[in-house]
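Descriptive structure summary
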Amino acid sequence: MNKILITLFLSLATQTAFAETMSCKPNSSSYNCLVCNCYHETRGEPKIGMIAVAKTVLSRAQSNEFPDTVCGVVYQPSQFSWTADSYGNNINAKEPKDIQALQDCRDAADTAINEGANGLLYFYNPRKVTPGWSRRVTSCGRAGNHVFSVSRGDTCPRQLGAAAANTGAQQHKKSSSGGSVR
């Protein structure tokens, strides 16, 4: 019996010792907002989907149609359900798969920041919802569990995730401060 308790204690102590945490709040850094959104929207998905979600947030921050900061985009009312639910949304990754997802989202955010926005403005998970607005936009394809789109009349990027080439995709760039992501 003592061996079992000692093993259980060591297992719990090990999990706690290697936990990864991150604050997810509207007044967090832009980088944290980008990573938190990636984590809550794409945990368990392929990296290409994670990068595409991060690039969508960056594209929105450059668009006149959305708030001009990353955190403003992420916490805009009625955009991302995880920001409005009653759960605490700080990340406290204890399980190996959650720790890996957090690291993958950090990598995806870094890739998106380094490569820049690509014009994607919308995404949704068709297994969970089909929003009315999805009929009024141009679908650019699927990455992971999400379908990505641009405004009707805009051109889709060649790739949704990493190394996306902006081939004429209108960016709706703001004339002044989009702000730094970090």
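Residues numbered from 1 in each chain as written. Predicted model: local features only at pLDDT ≥ 70, side-chain atom pairs only at ≥ 80, totals over all residues. Heavy atoms only, no water.

1. Regarding the sheet that holds strand 3 (residues 122–124)
The line we're drawing: Strand pairing is assigned whenever DSSP identifies at least 2 bridges connecting the two strands. Where helices and strands are cited, they refer to DSSP runs of H or I of at least four residues and of E of at least two residues respectively, numbered from the N terminus. Fitting a line to C-alpha atoms yields each axis, with helices limited to the stretch in contact; the angle taken between N-to-C directions then spans 0 to 180 degrees.
Across the sheet, three strands lie side by side as 3-5-4; this open sheet has antiparallel pairing. The open sheet has two free edges, formed respectively by strand 3 and strand 4 (137–143), since each of these has just one partner strand. Across this sheet, the average inter-strand angle for adjacent strands is 25 degrees, counted without regard to direction. Taken together, the six bridges between strand 4 and strand 5 (residues 146–151) define a ladder with antiparallel strand orientation. Within strand 5, the residue paired with Val 137 across the bridge is Ser 151.

2. Concerning the confidence of the model for the protein
Quick note on the threshold: Confidence of the prediction at every residue is given by pLDDT, a number between 0 and 100. In what follows, residue pairs with any heavy atoms lying within 4.5 Å of each other are defined as contacts.
Confidence along the protein averages 82 in pLDDT terms, with 78% of residues attaining 70 or more. Between the elements of the protein, mean pLDDT differs from a low of 45, seen in helix 1 (residues 2–17), to a high of 97, seen in helix 4 (residues 70–74). Long-range and interchain partners of residues 4–16, a stretch whose pLDDT sits below 50, account for two contacts in this model, where long-range means more than four residues apart. Below pLDDT 50 for its whole length, residues 164–182 participates in 52 contacts with residues either more than four positions away or in separate chains.

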